Amino acid sequence: MGDIRGQGDGSSFAWRELLERWSEEWLDPVLHEQERSEPFPDEVRKARWLGAAGATREEVAALEDRLGVALPRSYRQFLLVSNGWLNTTHGIDRLLPSQEVGWTRDLEADVSAWAGAPGHADVRVEDDEYFVYGEDQDTLSFRPEYLTHTLRISHTPSATDVYLLNPCVVTEDGEWEAWYMAHWMPGAVRYRSFWDLMNDEYRNFRDEE
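Calculation rules
- Residues numbered from 1 in each chain as written.
- Predicted model: local features only at pLDDT ≥ 70, side-chain atom pairs only at ≥ 80, totals over all residues.
- Heavy atoms only, no water.
- Salt bridge = Lys/Arg side-chain N within 4 Å of Asp/Glu carboxyl O.
- Helix = DSSP H or I, 4+ residues; strand = E, 2+ residues; numbered from the N terminus.
- Buried < 20%, exposed > 50% of the residue type's maximum accessible area, 1.4 Å probe, protein only.
- Phe/Tyr/Trp six-rings, centres within 6.5 Å; stacked < 30°, edge-to-face > 60°.
- Patch = residues over 30% accessible without salt bridge, like charges linked within 9 Å, V, L, I, M, F, W, Y side chains within 5 Å.
- Areas by Shrake-Rupley, 256 points an atom, 1.4 Å probe, with all protein chains shown as cover.
- Lys, Arg positive; Asp, Glu negative; His and termini not counted.
- Charge placed at Lys NZ, Arg CZ, Asp CG, Glu CD.
- Pairing = 2+ DSSP bridges.
- Core = buried A, V, L, I, M, F, W, Y, C linked by side-chain atoms within 4.5 Å.
- Contact = heavy atoms within 4.5 Å.
- Arc of directions from axis to C-beta.

### A look at the pattern of salt bridges
Link 1 in the chain: Per the stated rule, a full pass over the model turns up 11 salt bridges.
Link 2 in the chain: Among the ionic pairs, Glu 25 bridges to Arg 206, the shortest N-O distance being 2.7 Å. Here Arg 206 lies in helix 7 (residues 194-207) and Glu 25 lies in helix 1 (residues 15-26), a separation of 181 residues in the sequence.
Link 3 in the chain: Classification of Arg 206 as partly exposed rests on a relative accessible area of 23%.
Link 4 in the chain: Close ionic contact of Glu 64 with Arg 76 constitutes a salt bridge, the shortest N to O distance being 3.3 Å. Of this pair, Glu 64 sits in helix 3 (residues 57-67) while Arg 76 sits in helix 4 (residues 73-81), placing them 12 residues apart in sequence.
Link 5 in the chain: Accessibility expressed as a relative area gives 21% for Arg 76, which makes it partly exposed.

What follows is the structure, encoded as structure tokens:
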């Protein structure tokens, strides 16, 4: 099943529809829940919802004040629907609530180790290589110099799998580039927006069934 578009290219994103579907499929005991090392908490299974209550506008504004930036619309609206989230796929343990989100440079002691192949940080990636998304993208065609500027929005204990938002690349409608990085993969898989990242991760999740 493809991504949920509908209102996703305008001022509103169909987060509730996507996240409710994702929750129901994660909590299906035949498809997924028995694959987890620990079952979801009782209150999660009862509510059929892997998220939290949505953040208030005041909480989102407080995050923006702390960061000193206006958040991209798709991520801001996600927080208003669910202020944090449990597993997206088996690789990401949770999306952080607004109180725990922060700049990667402040949350990680050494982000240089994330740069990928040795010497890659010294290689200039030209625009015609960088601005390629989808299946034709080369994960090493990213710019590690952006790493310290990224916003870390997920956490997976004892693993390097992580979602980052990159304010150095912004679309015409104000969306920040979104990255998925992991220890087993050189470089980063990049998306035009957090919305695009989450829809692709949903497809990856379904492929695990």
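### Describing the packing of aromatic side chains
The relative placement of two aromatic rings is captured by the distance of their centres and the angle of their planes.
Link 1 in the chain: Within this structure, the stated rule accounts for 19 aromatic pairs.
Link 2 in the chain: Geometrically, the ring pair formed by Trp 26 and Phe 40 is edge-to-face, given 5.6 Å between the ring centres and 85° between the ring planes. With Trp 26 in helix 1 and Phe 40 in the loop between helix 1 and helix 2 (42-47), this pair connects stretches of sequence that are 14 residues apart. Neither Trp 26 nor Phe 40 differs from the other in exposure class; each is buried.
Link 3 in the chain: Geometrically, the ring pair formed by Phe 78 and Phe 194 is edge-to-face, given 5.3 Å between the ring centres and 75° between the ring planes.

### Some details on a negative patch on the surface
Link 1 in the chain: Residues Glu 126, Asp 128, Glu 129 and Asp 138 make up a contiguous surface patch of negative charge.
Link 2 in the chain: Relative to the assigned elements, Glu 126 resides in the loop between helix 5 (104-107) and helix 6 (127-130).
Link 3 in the chain: On the basis of relative accessibility, which here comes to 41%, the residue Glu 126 falls in the partly exposed class.

### Comments concerning the pairing of strand 6 (residues 176-182)
Link 1 in the chain: Across the 7 residues that make up strand 6, a large majority, 7, are buried.
Link 2 in the chain: As judged from the 6 bridges shared by strand 5 (residues 162-170) and strand 6, these two strands associate in the antiparallel manner. Considered in strand 6, the bridge of Leu 165 is made with Ala 178.
Link 3 in the chain: What sits between strand 5 and strand 6 in their antiparallel hairpin is a turn of 5 residues, with Gly 174 showing a positive phi close to 90°.
Link 4 in the chain: In the sheet, strand 6 pairs with strand 7 (residues 185-191) via 4 bridges, with the strands oriented antiparallel. Counterpart to Ala 178 in the pairing with strand 7 is Tyr 191.
Link 5 in the chain: Hairpin geometry of strand 6 and strand 7 is characterised by an intervening segment of 2 residues between the two adjacent antiparallel strands.

### Considering the nonpolar core
Link 1 in the chain: Ranked by internal contacts, the top residues of the largest apolar core, which has 44 residues, are Trp 15, Phe 78 and Phe 194.
Link 2 in the chain: Every element with two or more residues in this core is listed here: helix 1, helix 3, helix 4, strand 5, strand 6, strand 7 and helix 7.
Link 3 in the chain: By residue number, the principal contributor to this core is helix 7, which donates 6 residues.
Link 4 in the chain: With residues near it in sequence (within four places) discarded, Trp 15 still touches Ser 74, Gln 77, Phe 78, Val 81, Phe 194, Trp 195 and Met 198.
Link 5 in the chain: In terms of nonpolar packing, the next biggest core, distinct from the first, is built from 12 residues, Val 125, Tyr 133, Val 162 and Ala 188 among them.

### A short note on unusual backbone geometry
Link 1 in the chain: For Arg 48, which is not a glycine, the phi torsion comes out positive at approximately 55°.
Link 2 in the chain: Note that Arg 48 resides in the loop between helix 2 and helix 3.

### Re helix 3
Link 1 in the chain: If you check which residues of helix 3 are buried, you get Val 60, Leu 63, Glu 64 and Leu 67. Across the axial projection of helix 3, the buried residues extend over an arc of 95°, all falling on one side. Away from its buried face by more than 90 degrees, helix 3 exposes Glu 58 and Asp 65.
Link 2 in the chain: Here the buried face of helix 3 lies against helix 4, strand 2 (102-103) and strand 3 (151-152).
Link 3 in the chain: Of the residues one or two after helix 3, Gly 68 is the one with positive phi, at around 80°.

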